[in-house]
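Chain and residue survey
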Amino acid sequence: VMKDAGGRYLFINQQAANLWGVSPDEFLGRTDPDVLPARLARRIMDQDRKVMEERSYISREERLHIEGREYYLDTVRFPLTDYKDDIIGVASISRDITGSKKLERELIESERLAAVGKLAAGVAHELNNPLTGILTFTESLLMEADDDDPFVHVL
């Protein structure tokens with residue numbers, strides 16, 4: 001995406017426009033408040049303004065909610081300058097990392113479940129050790145007891 005200093009879209013590629021379900025032509029010459037939800041437009045305009053004021057780039061991971069779907073983008077914003085090094089706008093390049101984020105969440109959940117499994121196995125082991133001793137001692141008592149002992153029939 002490329003915008004002039006006033007925030008009007010000069011260029012937007014097909015993939016970026018596809019996120020919003022519109023053609024690139026619907027962005028050209030318009031500003032963020034004209035084409036995006038108000039909260040998101042303010043956030044993007046603030047970032048664009050910061051890039052131009054500080055004459056530096058911003059690299060960040062962004063989370064967007066578009067028509068009920070969640071997208072994660074790895075975005076870099078940087079100032080556009082003319083031959084005199086005057087800032088004439090801002091550009092941004094984004095990469096959709098939604099699939100990677102989903103895999104990351106699944107991996108974290110898998111690791112969490114594995115940790116719970118290890119904990120359960122450890123607890124079971126800790127319980128089985130004393131129970132084994134009790135059962136062994138009980139069997140030993142039963143083998144030594146007389147058949148007519150009343151306690152033998154309780155167990």
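Just above sits the structure.
Read on for an overview of the structure. Along each chain, the written sequence defines residue order, and numbers are assigned to residues from 1. Thresholds applied to this predicted model are a pLDDT of at least 70 for local features of residues and 80 or more for the giving and counting of side-chain atom pairs; totals over whole chains, interfaces and linings are not thresholded and use all residues. Note: side-chain values were computed over all heavy atoms of the structure, leaving out hydrogens and water.

1. Observations regarding a nonpolar patch on the surface
Heads up, the rule is: In this scheme, patches are assembled from residues that exceed 30% relative accessible area and form no salt bridge. Like charges are connected within 9 Å, while nonpolar side chains (Val, Leu, Ile, Met, Phe, Trp, Tyr) are connected within 5 Å. Computed by Shrake-Rupley with a 1.4 Å probe, the accessible areas treat only the displayed protein chains as cover when residues are assessed. Only one rule defines a salt bridge in this text: a Lys or Arg side-chain nitrogen within 4 Å of an Asp or Glu carboxyl oxygen. Strands here are runs of E lasting at least two residues and helices are runs of H or I lasting at least four, both read from the DSSP assignment and numbered beginning at the N terminus.
On the surface, a cluster of nonpolar side chains totalling about 490 Å² of accessible area is made up of L119, V123, L127, L131 and I134. One can find V123 in helix α4 (residues 98–144).

2. Some points on unusual backbone geometry
In terms of backbone geometry, most residues other than glycine have negative phi values and most peptide bonds are trans. To keep it simple, the criterion reads: We call a residue buried when its accessible area falls under 20% of the maximum for its residue type, exposed when it is over 50%, and partly exposed in between, using a 1.4 Å probe and counting protein chains only.
In this structure, R55 takes a positive phi of about 55° despite not being glycine. Here the phi dihedral of D85 falls at roughly 70°; this positive angle occurs in a residue that is not glycine. Classification of D85 as partly exposed rests on a relative accessible area of 45%.

3. Details of the sheet that holds strand β1 (residues 2–4)
For sheets, the rule is that strands pair by backbone hydrogen bonds, running either parallel or antiparallel. The following threshold applies: In this analysis, strands are considered paired if DSSP registers two or more bridges between them. Only the contacting stretch of a helix is used when fitting its axis, a line to C-alpha atoms as for every element, and angles between N-to-C directions run 0 to 180 degrees. Working rule for contacts: check all heavy atoms of both residues, and any pair within 4.5 Å makes them a contact.
Read from one edge to the other, the open sheet built from 5 strands follows the order β2-β1-β5-β4-β3, with strand pairing classed as antiparallel. The two strands at the open ends of the sheet, each matched to only one other strand, are β2 (9–11) and β3 (58–66). Neighbour-to-neighbour, the strand axes of this sheet turn through a mean angle of 35°, independent of strand direction. Of the pairings in the sheet, the one linking strand β4 (residues 69–81) to strand β5 (residues 87–96) comprises 9 bridges and is antiparallel in character. What sits directly across from D74, in β5, is R95. Running over the sheet, helix α3 (residues 38–54) touches β1, β3, β4 and β5 and is turned about 170° from β3. Strands in contact with α4 are β3, β4 and β5; relative to β4, the strand with the most contacts, it is inclined by about 130°.

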